[in-house]
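Here is what each chain is made of, one letter per residue.
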Amino acid sequence: TLTNKVGVPAGRHWPRGARGAERESRHVLLRLQHMYAKDEHPTLSAPATVDVASLLANVKVVKLTERSLSDNQDVGAVKRLKWRVEGDEAAAASTAATAPRDDTKVTLAPMQIRTFVAEIVDA
């Protein structure tokens, strides 16, 4: 279920997948957005955890893969630029997550938007 601090600005369903299996798999593109900025509200600005499986009624999530915001590649394949900041000796660290995920729980930091493809089958 969604909390009052997380929105779903985009969702799309399309059949593309394993045919010939007992159950045909389908995919759902799901974009999740934390609605509050850091320090905007004492409780609603805290990180929010959403279980994607609970958002999709009557289906089972087989695999959850995080994608880039534009959905053109897996997050694990994204090569982020490392910026040098004046006065900061450490290079900026990459924040790329690994994909695919075994569990369906996703945590969003304040103002964060994350995109996922859920492979689903009928429950």
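No experiment lies behind these values; they were computed from the predicted model shown. (Residues numbered from 1 in each chain as written. Predicted model: local features only at pLDDT ≥ 70, side-chain atom pairs only at ≥ 80, totals over all residues. Heavy atoms only, no water.)

Moving on, we come to the environment of Glu-66. By secondary structure assignment, the location of Glu-66 is in strand E4 (residues 59-67). Taking relative accessible area as the criterion, Glu-66 reaches 6% and is therefore assigned buried. For the pair Glu-66 and Ala-118, spaced 52 residues apart in sequence, the C-alpha separation works out to 8.7 Å. (Helix = DSSP H or I, 4+ residues; strand = E, 2+ residues; numbered from the N terminus. Buried < 20%, exposed > 50% of the residue type's maximum accessible area, 1.4 Å probe, protein only.)

What follows concerns the pattern of salt bridges. Taken as a whole and assessed by the stated rule, the structure comprises four salt bridges. A salt bridge links Arg-26 to Asp-122, with the nearest nitrogen and oxygen atoms 3.0 Å apart. Linking Arg-26 in strand E2 (residues 26-34) with Asp-122 in strand E6 (residues 113-122), this pair joins segments that are 96 residues apart in sequence. Judged by relative accessible area, which is 18%, Arg-26 ranks as buried. Across the pair Arg-67 and Asp-74 runs a salt bridge whose closest N-O atoms are separated by 2.6 Å. In this structure Arg-67 comes out as buried when scored by relative accessible area, which is 18%. Overall, Asp-74 belongs to the partly exposed group, its relative accessible area being 31%. (Salt bridge = Lys/Arg side-chain N within 4 Å of Asp/Glu carboxyl O.)

This part covers the environment of Ile-120. Take Ile-120: it is sitting in strand E6. Ile-120 sits in the buried class, given a relative accessible area of 3%. For the pair formed by Ile-120 and His-27, sequence separation is 93 residues and the distance between their alpha carbons is 5.9 Å.

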